[in-house]
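Spelled out, the chains give:
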Amino acid sequence: MRKSPKRAKRATSVEDTNGSGRPPDLPVLQSLVTEMLLALGEKPSRNGLLKTPERVAKALAFMTQGYQRDIDHLLNGALFPIEYDEMVIVKDIDFFSMCEHHLLPFFGRVHVGYLPNKKVVGLSKIPRIVDMFARRLQVQERLTVQIAETLSTKLNAHGVGVVVEARHLCMMMRGVEKQNTIAVTSSMLGAFRSQSQTREEFLKLIRRGSVGDPE
């Protein structure tokens, strides 16, 4: 009788969730932007571009500030003991990130749900966790898993579900040039993966209209 092949053990993390912690080197970034403008056939000395290297360097530093964030410092003790065993959902979290393949933005919304295991996290911390990972050079798939696995680890939750919906400028402005395409990724851990009823409840709730939306 043939033995079925063993499934590969799932990695505990797609990549190290901690950033380098090093602040960006703004003078080096400015110099590189100047070289890029020259390589594109532009004149960095012309009036409209005089401040561009400085502006771009500061913008890149802001959009990648997640590398300087530490998850434990971010949570700052905002884990609270509570006997609550129903699903907690924070949905429609707006985010912006940078595609690591083309250095173009992708943006959209994140929906997060978890089943507490004797503790909950302050609701404002969930969008902050999203921003911590979004403000790095990213791919949507990794972003989705990093959010889910971080919440699962820090909360020791019975289950975590994350769904990300995003538009990618690298698809809209170049390549296939499709303006209305939305990429959807998900990560289901624990009960969200093993129990279809839990997963379906989560997906149903995030599809419902938000508070204040017209019926």
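Residues numbered from 1 in each chain as written. Predicted model: local features only at pLDDT ≥ 70, side-chain atom pairs only at ≥ 80, totals over all residues. Heavy atoms only, no water.

Draft legend 1. Spotlight on unusual backbone geometry. Positive phi, close to 45 degrees, is recorded for Asn76, a residue that is not glycine. Positionally, Asn76 belongs in the loop between helix 3 (71–75) and strand 1 (79–81). A positive phi angle, close to 55 degrees, is found at Leu103, a residue other than glycine. Note on placement: Leu103 falls in the loop between strand 2 (88–99) and strand 3 (105–115). (Helix = DSSP H or I, 4+ residues; strand = E, 2+ residues; numbered from the N terminus.)

Draft legend 2. Summary view of the nonpolar core. The biggest cluster of nonpolar side chains holds 32 residues, and the ones touching the most others in it are Phe95, Val110, Tyr114 and Ile147. Counting residues per element, the ones that place at least two in this core are helix 3, strand 2, strand 3, strand 4 (119–121), helix 4 (125–134), helix 5 (140–155) and strand 6 (159–168). The dominant element in this core, judged by the number of residues it contributes, is helix 4, at 6 residues. Ignoring any residue separated from it by four or fewer positions in sequence, one finds Phe95 in contact with Phe106, Phe107, Gly108, Arg109, Val110, Val130, Ala134, Leu143, Val164, Glu165 and Ala166. (Core = buried A, V, L, I, M, F, W, Y, C linked by side-chain atoms within 4.5 Å. Buried < 20%, exposed > 50% of the residue type's maximum accessible area, 1.4 Å probe, protein only. Contact = heavy atoms within 4.5 Å.)

Draft legend 3. Seen up close, the sheet that holds strand 3. The strand order 5-2-3-6-7 describes an open sheet built from 5 strands, whose pairing is mixed. Each having just a single partner strand, strand 5 (137–138) and strand 7 (183–190) make up the two edges of the open sheet. Note that strand 3 and strand 6 share 10 bridges and pair antiparallel. Paired with His111 across the strands is Val163, a residue of strand 6. (Pairing = 2+ DSSP bridges.)

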